[in-house]
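What follows is each chain in one-letter form.
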Amino acid sequence: MKKPPLFIAATIVLFLIGCSKTNHSNADFQGVILAVGDQSIIVGEEDVNPEASYESYEVLIDDSTVFNGDISSMKQLKDEFVEDKKFDVCLWVKEKVENNHINNKVVTKLRINK
């Protein structure tokens, strides 16, 4: 009798783990936050070889951007971000019709883990 409830609980846990990984795998950008501006962040790679070059991306954050994870707002991100402690981030972006002062990319959703 105890096997079915244990089996159901294990199945639910595995399902939840699988769902959380799926949500991040479809992100447009993944990496770490390298810098935080007034209305933007720069995202790049955490482990870099000093002899190689790596791309970094600056993306705009506006009032419609949805924050998930350990950081819930741009204000909290600015308050807690320090350059020597990198935050992992997954970004979902959209193309903006008109050019903004950075590029055409605007973050629709981001998930930040400290």
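The rules behind these values
- Residues numbered from 1 in each chain as written.
- Predicted model: local features only at pLDDT ≥ 70, side-chain atom pairs only at ≥ 80, totals over all residues.
- Heavy atoms only, no water.
- Phe/Tyr/Trp six-rings, centres within 6.5 Å; stacked < 30°, edge-to-face > 60°.
- Helix = DSSP H or I, 4+ residues; strand = E, 2+ residues; numbered from the N terminus.
- Buried < 20%, exposed > 50% of the residue type's maximum accessible area, 1.4 Å probe, protein only.
- Lys NZ or Arg CZ within 6 Å of the ring centre and 35° of its normal.
- Pairing = 2+ DSSP bridges.
- Axes fitted to C-alpha atoms, helices over the stretch in contact; angles between N-to-C directions.

Enquirer: Could you give an account of the packing of aromatic side chains, naming the residues involved and the relevant values?
Expert: For the structure on display, the rule yields two aromatic pairs. Here the aromatic rings of Phe29 and Tyr57 are separated by 4.6 Å at their centres, their planes lie at 40°, and the arrangement is tilted. Remark: Tyr57 occurs in strand β3 (residues 57-69) and Phe29 occurs in strand β1 (residues 29-36); sequence separation between them is 28 residues. Of the residues examined, Phe29 reaches a relative accessible area of 17% and is grouped as buried. Its relative accessible area of 33% is what places Tyr57 among the partly exposed residues. Where Phe81 meets Phe87, the ring centres are 6.0 Å apart and the plane angle is 80°; that geometry is what we call edge-to-face. Take Phe81 and Phe87: they sit in the same class, and that class is buried. Lys109 extends its terminal NZ or CZ atom over the ring of Trp92, reaching a point 4.3 Å from the ring centre.

Enquirer: Before we move on, can you summarise the sheet that holds β1 with the specific residues and values?
Expert: Here we have five strands rolled up into a closed barrel, ordered β1-β2-β3-β5-β4, and mixed in their pairing. Neighbour-to-neighbour, the strand axes of the sheet open up by a mean angle of 60°, direction not taken into account. Pairing of β3 with strand β5 (residues 105-113) involves six bridges; the strand directions are parallel. What sits directly across from Leu60, in β5, is Val106.

Enquirer: Lay out the pairing of β1 with the relevant residues and their values.
Expert: Of the strand pairs in this sheet, β1 and strand β4 (residues 88-95) are connected by four bridges, and their pairing is antiparallel. Bridge pairing in β4 links Val32 to Asp88. Counted between consecutive antiparallel strands, the loop separating β1 from strand β2 (residues 40-44) contains three residues.

Enquirer: Any details on the environment of Cys90? Residues and values, ideally.
Expert: Considering the arrangement of structural elements, one finds Cys90 in strand β4. As a C-alpha pair, Cys90 and Lys109 span 19 residues in sequence and 8.4 Å in three-dimensional space.

The quantities given are spatial measurements derived from coordinates; they are silent on function.
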